[in-house]
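Per-entry structural report
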Amino acid sequence: MSIALGIVKIAEDEVKKAEASKVELIELLIGDLSGVEREALDFAWPMAVKETVLEGAKRKTEYRSGIARCSDCENEFELKSLLDGCPICKSYFKDVLQGKELKVIALEVI
């Protein structure tokens, strides 16, 4: 719920800056490693947006998988968990390249 309310706050701030009245479309980017549970966000969303600038807005969500680069062998690999090691050399030293995102990409306001 707190993530959904945070998104509502961002939308309200941006609508105010644009001197608009409501949002028609919100586009989100959520990484698989961001800690956001898809089902929980879907459940909380209708309650969080009720009587806000996002009520009635279409929500478009892009989910991004986790990708890391091994610090030892430079292999790039898919990361299902932040605890995963390199499948090639088994090292746990890595740089996460993508998958931790939680961003509002775009808002269409009226």
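In case you missed it, the structure is sitting above this.
Okay, so let's go over this structure. Every value quoted in this text rests on a predicted model; they were computed, and no experiment measured them.

This paragraph deals with the sheet that holds strand β6 (residues 102-109). Strand order across the open sheet formed by three strands is β2-β1-β6, with mixed pairing between neighbours. Among the strands making up the open sheet, the edge pair consists of β2 (58-64) and β6. Averaged over neighbouring strand pairs, the angle between their axes works out to 15° when direction is ignored. Bridge analysis of strand β1 (residues 23-31) against β6 gives seven bridges, and the strand direction is antiparallel. By the bridge assignment for β6, Ile26 is matched with Leu107. On top of the sheet, helix α1 (residues 2-17) reaches β1 and β6; it is set at about 40° to β6, its chief contact. Of the strands in this sheet, β1 and β2 touch helix α2 (residues 38-49), which is tilted by about 170° from β2.

The subject of this paragraph is the pattern of salt bridges. A side chain of one charge can pair with a side chain of the opposite charge when the charged atoms of the two come close. Applying the stated criterion across every chain, the model contains eight salt bridges. We note a salt bridge from Asp32 to Arg38, for which the minimum N-O separation is 2.9 Å. When the shortest N-O distance is used, the salt bridge between Glu62 and Arg64 registers 3.5 Å. Overall, Glu62 belongs to the partly exposed group, its relative accessible area being 43%. On the accessibility criterion, Arg64 (26% relative accessible area) is partly exposed.

This next bit is on the sheet that holds strand β4 (residues 76-79). Strand order in the open sheet formed by three strands is β4-β3-β5, and the pairing between neighbours is antiparallel. Single-partner strands in this sheet number two, and they are β4 and β5 (94-98). For this sheet, the mean inter-axis angle between neighbouring strands, taken without regard to orientation, is 35°.

With 18 residues, the main nonpolar core has Val23, Ile26, Trp45 and Leu54 as its most contacted residues. When near neighbours in sequence (up to four residues on either side) are disregarded, Trp45 contacts Ala4, Ile7, Ile26, Leu54 and Arg59. The next biggest cluster of nonpolar side chains, apart from the first, holds six residues, and it includes Leu33, Cys70, Phe77 and Leu79.

Definitions and limits used
Residues numbered from 1 in each chain as written. Predicted model: local features only at pLDDT ≥ 70, side-chain atom pairs only at ≥ 80, totals over all residues. Heavy atoms only, no water. Pairing = 2+ DSSP bridges. Helix = DSSP H or I, 4+ residues; strand = E, 2+ residues; numbered from the N terminus. Axes fitted to C-alpha atoms, helices over the stretch in contact; angles between N-to-C directions. Contact = heavy atoms within 4.5 Å. Salt bridge = Lys/Arg side-chain N within 4 Å of Asp/Glu carboxyl O. Buried < 20%, exposed > 50% of the residue type's maximum accessible area, 1.4 Å probe, protein only. Core = buried A, V, L, I, M, F, W, Y, C linked by side-chain atoms within 4.5 Å.

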